[in-house]
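Observations on the model geometry
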Amino acid sequence: MSGATAAAPSPGHALRATFAFAQLGARQERAGFAAWAGRLGFYCVILLIFSRLWDVIFAERLLDDPRFSASAFVWYLALTEWATLSTPQIWMDIEADVRSGDVAQRLCRPVSYVVGKLAEAAGALLPRLVVLGGGGLGFAAIVAGGLPQDPRGLVWAIPIVVFAALLQLLSFTIVGLTALWLDEVGPVYWIWQKGMFLLGGLMVPLAIYPDVVREVAWWTPFAPMLNGLGRLAFGATTEELVQTFVALAFWIAVACVVLSWQFRRGVRGLETGGG
Amino acid sequence: MTSELRFLAALVETNVKACLALRGAFWLQVAGMALNNALFFVMWWILFDRFEEIRGWRLEDMLSLYGVVAAGFGLAVVLGGGIRDLARTISDGDLDPMLTQPRSVVVQAVAGRSLATGWGDFASGVVMVGLSGYLAPDRVPVLILAIVLSASTVVATGVLLGSAAFWASRVESLARMALEYSITFSLYPPTLFHGPMRIVLFTLVPAGFIGYLPASLLREFEWTTLGLAICGVSAYGSVAAFVFGRGPRMYASGSRFGVRV
Amino acid sequence: MDRAIELDRLTKTYRVRERAPGLRGAIRALGRGSWREVVAVRDLDLAIDRGERVAFVGPNGAGKSTTIKMLSGILHPTSGHASVLGFAPWRERQRLGFRIGTIFGQRTQLWYHLPPRDTFELLRHVYDVSASDHATRLDRYVERFEIGALLDQPVRQLSLGQRMRCEIVAALLHAPEILFLDEPTIGLDVDAKAVIRDLVREESERAGRTLLFTSHDTGDMEEVCDRVVVIHEGRLLLDESIASLRRTFIGRKRVTVHTGEEVLNLDCGVLPGVEIKDRQPHRTTLEVELARTPVERLVSALARSARLTDLSVEDPPMDEIVRAIYRRSSATGVAS
């Protein structure tokens, strides 16, 4: 290829190619009806189970903060699961690509493999957010017996869920790329997911945690990803909103840096490894 | 009969060998799963630390429930790891070589794979049961019984869910998710529920037979509980065997390139 | 019993979901699905004796693999009968299983992360082969198939050709009476194909094994089998021996001549039925219709027209024969 002088691609080209990936992702989403049903089903059942749990707990004792109630806790879970269930499990696809060698093939394409993969997943993410938001949050309203005390939080949830899901997506990508070094990515994902459970307060709000743990959690990307979104169910103070937005922006930036470094390092290993 | 047993033993031996063939991956999965379970349980620990008891359910009860489910699931996927991806096996046409061999297809499909993570689940499950305080030396046979009951239900559920692939297309991830959900739901204390929800957890989703009943045998052994558990497992097993048995006449095979792992 | 395989109006139909493209189509499909029936195999009649080597030839989607899968017990037919060694394959699958061997080119029964030796040992238990029989056969095949060095390497490290050889050994260890092979040489290079074909043919001759071989590579057909069954769109087009196929179907020969001159100057006007197929510098390929011009007349004409450095007279490639069969069948619209 060194002899020919290929025309430099137009700057819009890369953008259009990326957008094409996103469209592909969206189209593939429409085809998988069974997966939709499964996700929505799980969403509803988990809300049911936890609504019972919180009902029982709150019936037998009260928590200090008047913002907390069984209904509010159900809304908390509805919000965190909204982001989590909408995020495609991109790490599985990446692992499969690396194992099968497809990654090497896609290195030659004009759009970087990672960017293409992310665009595809983002294309799938948006329709999921819409459908799961409508269905899941609607169901939450039924189970929780109405809207949260301070519904303003739900309005802010709309932009925040997009960023939270995006951060999750980026983190899953980083997890997936460890396939370039490790035999099995599953365990890495589980540990990360447990981080989401514990430090992100995926199911149990950080509010219940000992203060020290809560403070530590906010130094990690998990808390803004999940707790920052979920606590909108309790209302939205300016301080909390700023904290969430800033933390999300920070960790998204960090994730992008880590991703590009990781991909460059990993791919170098692939190329020198031959095959 | 003995020939069937010898075949089963040989099959299990082969797929455990296959599992161990990738040494690094094996240990990574075992450790990862054990850590995974431990971390998940921390959430419950936090909850119980704050709220001491939930409807009569205490941390020790939660430990024993979780331990039995983890150990049961672990045993199920060590010996019958094929259940996790059964739907995919069917829809990819990977049943072909099993259908041409003179052995039971469901045995080959289920016992033809061993998942390394199962060892991690099993180990962490047993440890949790130990920590719960419900395990006394004379209780060990009961624990074994509970784990076997739980594992059998898991396998039956996996076969039943995976069989959906005989009749529907593109259900591979749904079937796998559904199996994982069944396990998830068996990890919540059933004292939370009453009425219709409770019935669902014992019929549609066999959560009660994977977790609650076997675990309660540990806490307090009662013959009626055992009888109920055995009935439940047998019922699920029969339905699963029946449904899977009707599958092959719908089987459409496939033309993908396949490998046997 | 002389008959190994017998088919009587065997039919297999699939129901395929038809869905209009786009979102509206997807939503509509949720309600009432519209189904389309695809006939993969239609009223197939066939009889194969023990020891015969039969090739099932046809283009992709012709129904070859479907037929083999019905005969080996994988698929249930929609209607019709089949008898393999006296068994109905899909009903008496397990009993038949002990007596047949299958090799699928696109699917392996070898365990991917383990050495072939481990799979062989497992298969011993699957087929209930005694330890002594197993050892004797394994020794023989290891030597004949030259897989000694491969026995203890994980299958994932073997090349496709090596894997195929192990695959065939795996299928032979229980001394099956019939071997079903579905595209066994797919993806192999020319050398590997030749080796596989030789080994398979030899094994059949030595033990009197019946072979049913599907392929869309006509080379497989020519090298291994004596009889050809051509399947097209699920129907039987032709069922003849290879020799008879050549004779009756096409009375042509292909003559390739190498000349000292760069271009061959041949007056084809005096040679009816002669067609120049290909021209290369110093090499020309011609096809002659034997009914109109005997080979000897063509050859003398060639010798007179040019300085010949090499000459070969061959049958046309089987590809062309098969294509001619398809053309004829679509022209007449009916199976011959």
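Small disclaimer: the values here were computed from a predicted structure and weren't measured.

How each quantity is defined
The residue numbering used here restarts from 1 in each chain and proceeds along that chain's sequence as written. Here the convention is simple: chains get letters from A, ligands get numbers from 1, in the order in which they are written. Where totals are concerned, whole chains, interfaces and linings use all residues; where local detail is concerned, this predicted model gives features only for residues with pLDDT of at least 70, and gives and counts side-chain atom pairs only at 80 or more. Hydrogens and water are ignored here; the side-chain numbers use all heavy atoms of the structure. For two strands to count as paired, DSSP must find a minimum of two bridges between them. Helix and strand labels come from DSSP, where a helix needs a run of H or I of at least four residues and a strand needs a run of E of at least two; each type is numbered from the N terminus. Between N-to-C directions, angles span 0 to 180 degrees; the directions come from axes that are lines fitted to C-alpha atoms, helices contributing only their stretch in contact. Here a residue-residue contact requires only that any non-hydrogen atoms of the pair lie within 4.5 Å. Any two rings among Phe, Tyr and Trp, with Trp reduced to its six-membered ring, count as a pair given centres within 6.5 Å; such a pair is stacked if its planes are under 30 degrees apart, edge-to-face if over 60, and tilted if neither. Burial classification: accessible surface area is computed with a 1.4 Å probe over protein chains only, and a residue below 20% of its type maximum counts as buried, one above 50% as exposed, and the rest as partly exposed. Along the chain, pLDDT gives the predictor's confidence residue by residue, from 0 to 100.

**Details of the sheet that holds strand β14 (residues 308-314) of chain C**
Residue and element names in this part refer to chain C. The strand order β12-β13-β11-β14 describes an open sheet built from four strands, whose pairing is antiparallel. The sheet is open, and its two borders are formed by β12 (274-280) and β14, each paired with just one other strand. Taken pair by pair, the neighbouring strands of this sheet meet at an average axis angle of 20°, ignoring direction. The sheet contacts of helix α10 (residues 295-305) involve β11 (252-259), β12, β13 (283-289) and β14, and relative to β14 the element is tilted by about 165°.

**Examining the side chain of T157 of chain B**
Checked against the element boundaries, T157 of chain B lands in helix α8 (residues 140-162). Discounting residues that sit within four places of it in the chain, T157 of chain B has contacts with L179, S182, P206 and I210 of chain B.

**Things to note about the packing of aromatic side chains**
Taken as a whole and assessed by the stated rule, the structure comprises 30 aromatic pairs over all chains. Ring centres 5.9 Å apart and planes at 85° place the aromatic pair F166 of chain B and W167 of chain B in the edge-to-face group. Centre to centre, the rings of Y141 of chain C and F145 of chain C are 5.8 Å apart; their planes meet at 90°, and the pair counts as edge-to-face. With Y141 of chain C and F145 of chain C both in helix α5 (residues 131-145) and four residues apart, this pair spans about one turn of that helix. This pair shows no difference in class: Y141 of chain C is buried, exactly as F145 of chain C is. Here the aromatic residues F50, W54, F58, F68, F73, Y76 and F234 of chain A together with W44, F48 and Y188 of chain B are joined through ring pairs into a cluster of three or more.

**Focus on the sheet that holds strand β5 (residues 100-104) of chain C**
Residues and elements named next belong to chain C. Pairing within the open sheet is mixed, and its six strands lie in the order β5-β7-β8-β3-β9-β10. Both outer strands of the open sheet, β5 and β10 (235-241), are each paired with one neighbouring strand and no more. On average, adjacent strands in this sheet sit at an angle of 15° to one another, irrespective of strand direction. Pairing analysis gives five bridges linking β5 to strand β7 (residues 178-182), with the strands arranged parallel. Across the sheet, T102 pairs through a bridge with F180, a residue of β7. Set on the sheet, helix α6 (residues 160-172) makes contact with β5 and β7; between it and β5 the angle comes to about 165°.

**Observations regarding the confidence of the model for chain C**
Scored by pLDDT, chain C has a mean of 85; 91% of the residues are at 70 or more. Taken together, the chains of this predicted complex give a pTM of 0.81 and an interface ipTM of 0.82.

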